[in-house]
Number of protein chains: 2
Amino acid sequence: MSERKSETRKRILAAAGRVLAERGPGDPAVAEVMAEAGLTVGGFYAHFASKDALMLEAFRLLLRVRRERLAQVDQSLTGRERRVLLAAFYLSRRHRDDNDERCPLPSSLAEIARLPDGFRQTLAEHIELMTAQMSGAPEEGDVALADLALMIGGLALARALGPGELSDRVLRAAKSAVV
Amino acid sequence: MSERKSETRKRILAAAGRVLAERGPGDPAVAEVMAEAGLTVGGFYAHFASKDALMLEAFRLLLRVRRERLAQVDQSLTGRERRVLLAAFYLSRRHRDDNDERCPLPSSLAEIARLPDGFRQTLAEHIELMTAQMSGAPEEGDVALADLALMIGGLALARALGPGELSDRVLRAAKSAVV
DNA sequence: AATACAATATTACGACCATCATATTAATTT
DNA sequence: AAATTAATATGATGGTCGTAATATTGTATT
C-alpha cells in the first residue's frame, strides 16, 4: 500500500469520525463521508470492506484518542479530582455545541444494540479502561461508572434539548452531581 | 369518526409506541408499525398525516403515561425517597431487558436533534414536569435534573452493553449514586 | 518516457423507504 | 336490505441507500 493511499485512508477515517461523533454510525451515508473527506464515492471500497467496517474502525479510533487524551492529565491527582476535571470539560457548553472533538457515545449508544458485535465489545472495553483511569483505587470503580453514566446522560440530554436555558441547567446540575 | 376507526387509530398508536420505545422514532418503517398493529400499510394515511406525526404523537403519549404513573406514588414521600424509588425501577434489569413499558428516552435522545421541533419541545416539557415530580422543594430541582441524566445515561449504557456482568454493574452503580 | 497505482465521473443493481391511489371485501349503521 | 365506512391487497412513484463495475484522468515511481 502506497503512502498516498494510506493517507487517503486516514482522511476517510477522520471524516467518518467527525460525522459519526455527530450523528452516530448508521445515519451518515457513505457518499457523504467521502464528500466530507474531499473525495467521491467511487473509490470507497478500495479502502474499506464495508460501511460497517469503516464506522467500527472510526469508532474505535475516536474512543482510543479520547482515552489517550485523558491519560495525559496530571498523574498526581486523586481519582475524584480527575473525574471532576473530566466532567468540567465533558459537560461544558463547548463540548455540547462544538463539532470537533466530540465524544461519540451520546450519539451512538442507542444504535449499538442493533450493530455488529464489534461495536458492543469496543464499547465494553472502553468503559472498563475509562473507569480505571477515572478512579484512584479499585473500590472507586463503581463511582467512576456512575459518573460516566451521568456524563453521557447529561450530554445526551443537553444535546437533545439544544442550546437554551434548560439545556444549560442540565449541564450545570450534572456537573455538580459528580461523586 | 366512527368508534371502530378511533379504536384502530389507538392500536396503531400503541404499536408505534412499542417500536419507538425500543428503537427510536426514525428507524421503524411505517409498514412495520402497521404489521405490529395487526394491520397492513394500505390505510395508514387515513389515520395519520405522516410518519413523523404518528411518532410524535406516540412519543407524547408514552411520556405522558410515564408521568402519570409516577404521579401515583405515595405523596407523603420526600423528594429523595421518590427519586430512589424511581431509580430502583428505572435501573432494574427488568426495565433494561423487557419490551413493555420501556422509557423511550434512551433510544430517542440522539435522534431528537434531527427531528421536527415538536419532539424537542415535548422533551423539554417532560423534563420540567418530571423534575418537578421528583423534588420536594424547588431547590431540589437541580439534583432531580442530575438524577434524570444519571438514570437515562445509565440505562442507555446498560442497554448498549447488552445483558452481562458489566451491564449489571452499570445499573447497580448508577442506582447507588442517586442523590 | 514508461509503468503502475490511485482518484475521478458515471452508471447500474437491487433493496428499502414514505407516500399515495385503486379496486375489492368486510363490517357497521340506518 | 341498503348505504356508508373501514380495511384489504396490490402496486406505482420517486427517492435514497450500500455496493459494485467501468472507463478515464491524474500522479508517482522507476
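Above this text you will find the structure in question.
(A) Representation of the overall build of chain A. Looking only at helices and strands, chain A features nine helices and zero strands. Ordered by position from N to C terminus, the α and β elements of chain A give α-α-α-α-α-α-α-α-α. Taken over the C-alpha trace, chain A has a radius of gyration of 17 Å; the compact-globule value for 179 residues is 16 Å, and the two agree within 12%. With respect to the three principal axes, the spread of C-alpha positions in chain A is 50 × 35 × 30 Å. Here chain A, with 179 residues, has 51% of them falling under the buried criterion. Long-range contacts, defined here as pairs at least 24 residues apart, represent 70% of the contacts in chain A between residues at least 6 apart. In the structure as shown, chain A presents an accessible area of about 8,200 Å², 52% of it carried by carbon and sulfur atoms. If you average the places of the 26 positive and of the 25 negative side-chain charges in chain A, the two averages end up 3 Å apart.

(B) Inspection of the nonpolar core at higher detail. Leu109 and Leu123 of chain A together with Leu109 and Leu123 of chain B are the most contacted members of the largest nonpolar core, which has 110 residues in total. Here Leu109 of chain A is in contact with Leu123 and Ile152 of chain A together with Ala156, Leu157 and Ala160 of chain B, once residues within four sequence places are set aside.

(C) Broad picture of the protein's contact with DNA strand D. Inspection of the region around DNA strand D gives 17 residues, with Tyr45 and Lys51 of chain A together with Thr8, Thr40 and His47 of chain B positioned closest. In DNA strand D, the atoms that sit within 4 Å of the protein are 88% sugar and phosphate, with bases accounting for the remainder. Tyr45 of chain A places a polar side-chain atom, nitrogen or oxygen, 2.6 Å from a phosphate oxygen of DNA strand D. Thr40 of chain B is positioned such that a nitrogen or oxygen atom in its side chain is 3.3 Å from a phosphate oxygen of DNA strand D. Ranked by residue count, the leading element in the surface near DNA strand D is helix 1 (residues 3-23) of chain B, at three residues. Each residue belonging to the surface near DNA strand D can be placed in one class, and the counts come to six nonpolar, eight polar and three charged.

(D) Broad picture of the relation of the copies chain A and chain B. Between chain A and chain B, which share one sequence, the superposing operator has a rotation angle of 180 degrees and an axial displacement of 0.0 Å; the RMSD is 0.0 Å. Each copy turns onto its partner about a two-fold axis. Comparing interface residues between copies, 100% of those in chain A also sit at the interface in chain B, which points to an isologous, same-surface contact.

Quick notes on the rules
Residues numbered from 1 in each chain as written. Chains lettered and ligands numbered in written order. Predicted model: local features only at pLDDT ≥ 70, side-chain atom pairs only at ≥ 80, totals over all residues. Heavy atoms only, no water. Helix = DSSP H or I, 4+ residues; strand = E, 2+ residues; numbered from the N terminus. Rg over C-alpha atoms; globule rule 2.2 N^0.38 Å. Buried < 20%, exposed > 50% of the residue type's maximum accessible area, 1.4 Å probe, protein only. Contact = heavy atoms within 4.5 Å. Areas by Shrake-Rupley, 256 points an atom, 1.4 Å probe, with all protein chains shown as cover. Lys, Arg positive; Asp, Glu negative; His and termini not counted. Charge placed at Lys NZ, Arg CZ, Asp CG, Glu CD. Core = buried A, V, L, I, M, F, W, Y, C linked by side-chain atoms within 4.5 Å. Near = heavy atom within 4 Å. Polar contact = N/O pair within 3.5 Å; in protein donor to acceptor, adjacent residues only side chain to side chain. Nonpolar A, V, L, I, M, F, W, Y, C, P; charged D, E, K, R; others polar. Least-squares fit on C-alpha atoms with pLDDT ≥ 70 in both.

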